[in-house]
Amino acid sequence: RITGETLGGGSFDSATVADRVIVYNVWGSWCAPCRKEAPALVAAARATADTAVFVGINTRDLDPAPAEAFVRAFDVPYVNVFDPDGRELLKFGTQLPASAIPSTLVVDRQGRVAARVLGETTEATLTGIVADVAAGE
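Definitions and cut-offs
- Every chain's residues receive numbers from 1 upward, in the order its sequence appears when written.
- Totals for whole chains, interfaces and linings use every residue, but because this is a predicted model, local features are given only for residues with pLDDT of at least 70 and side-chain atom pairs only at 80 or more, for both listing and counting.
- Only hydrogens and water are set aside when side-chain values are computed; all heavy atoms of the structure are taken into account.
- Counting from the N terminus, the helices are DSSP H or I runs at least four residues long and the strands are E runs at least two residues long.
- The size measure is the radius of gyration over C-alpha atoms, and the globule rule it meets is 2.2 Å times the number of residues to the 0.38 power.
- Exposed residues in this analysis have more than 50% of their type's maximum accessible area, buried residues have under 20%, and partly exposed residues fall in between, with area computed by a 1.4 Å probe over protein chains only.
- Note on contacts: a residue pair is in contact if any heavy atoms of the two residues lie within 4.5 Å.
- Areas reported here follow the Shrake-Rupley algorithm with a probe of radius 1.4 Å; residue values treat only the protein chains shown as occluding.
- Charged residues are defined narrowly, with Lys and Arg counted positive, Asp and Glu counted negative, and His plus the chain ends left uncounted.
- Where a charge lies is defined by one atom per residue type: Lys uses NZ, Arg uses CZ, Asp uses CG and Glu uses CD.
- Residues are said to line a cavity or pocket when one of their atoms sits within 4 Å of a point; the points come from a 1 Å grid over protein atoms alone, cavities being sets where a 1.4 Å probe fits but cannot get out and pockets being open sets with protein on both sides within 12 Å along at least five of seven lines.
- Grid points are joined across faces, edges and corners, and a volume is the space filled by probe spheres set on the points.
- Residues are sorted three ways: Asp, Glu, Lys and Arg are charged, Ala, Val, Leu, Ile, Met, Phe, Trp, Tyr, Cys and Pro are nonpolar, and all the rest, Gly among them, are polar.
- The arc in question is the one traced by the directions running from the helix axis out to the C-beta atoms.

Draft legend 1. Representation of the overall build of the protein chain. The helix and strand inventory of the protein chain stands at four helices and seven strands. Along the protein chain, from the amino end to the carboxyl end, the secondary structure elements read β-β-β-α-β-α-β-α-β-β-α. Its C-alpha atoms give the protein chain a radius of gyration of 13 Å, near enough to 14 Å, the size a compact globule of 137 residues would have. Along the three orthogonal principal directions, the C-alpha set of the protein chain runs to about 40 × 25 × 25 Å. Within the span of the protein chain, comprising 137 residues, buried residues form 48% of the whole. For the protein chain, contacts bridging at least 24 residues in sequence account for 68% of all contacts bridging at least 6. Counting every atom, the protein chain has about 6500 Å² of accessible surface; 53% of that belongs to carbon and sulfur. Charge centroids of the protein chain, computed over 12 positive and 17 negative side chains, lie 2 Å from each other.

Draft legend 2. Here's a closer look at the environment of Gly 128. Tracing the backbone through its elements, the reader meets Gly 128 in helix α4 (residues 123–135). Placed 84 residues apart in sequence, Gly 128 and Ala 44 show a C-alpha to C-alpha distance of 9.5 Å.

Draft legend 3. Quick look at the layout of surface pockets. Approximately 230 Å³ is the volume attributed to the largest pocket. Lining the largest pocket are 15 residues, and of these Arg 1, Ser 14, Tyr 24, Val 107 and Gly 111 lie nearest its centre. Across the lining of the largest pocket, the residue classes break down as eight nonpolar, three polar and four charged.

Draft legend 4. Just unusual backbone geometry, in detail. In this structure, the amide linkage connecting Ile 101 to the following residue, Pro 102, adopts the cis form with an omega of 5°. The residue Pro 102 is located in the loop between α3 (87–90) and β6 (103–107) in this model. We note that Arg 60 has phi near 65°; this positive angle belongs to a residue other than glycine. If you trace the backbone, Arg 60 turns up in the loop between β4 (52–59) and α2 (64–73).

Draft legend 5. View of α2. Inspection of α2 places Ala 67, Phe 70 and Val 71 among the buried residues, and these make up the whole buried set. Along the axis of α2, the buried positions cluster into a sector of 95°, meaning they face one direction only. Exposed side chains of α2 directed beyond 90 degrees from the buried face belong to Arg 72 and Ala 73. Taken together, the buried residues of α2 touch β3 (21–27), α1 (32–47), β4 and β5 (79–83).

Take a look at the structure:
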């Protein structure tokens, strides 16, 4: 279960979207590959909105201002949990190496990690994974 304060105020609790496929993307405003993949994530989130919920997990940004600027610059439509010390990342255990940023995990409706992409991903990869996970349930 992922919980936390979100960028821009508010809070997130994955229990509120447990009936959906959840796509977690771990990123930092300081991360060049994260900037490169951001448009693909935004497009994939919009393309799969009826099936999946995208959640960003912002890590290692000690000040939320650069992360908030990143979200605005790329017009990110989904919630982003501010996780400067990586506490939420630790909940994924060995599924998510702390050094692998960006990383994306796709969690099925039963809360199981169904797929992961370590490093930069694409819109086609994510939409395909989401479709496969949703169809396999």
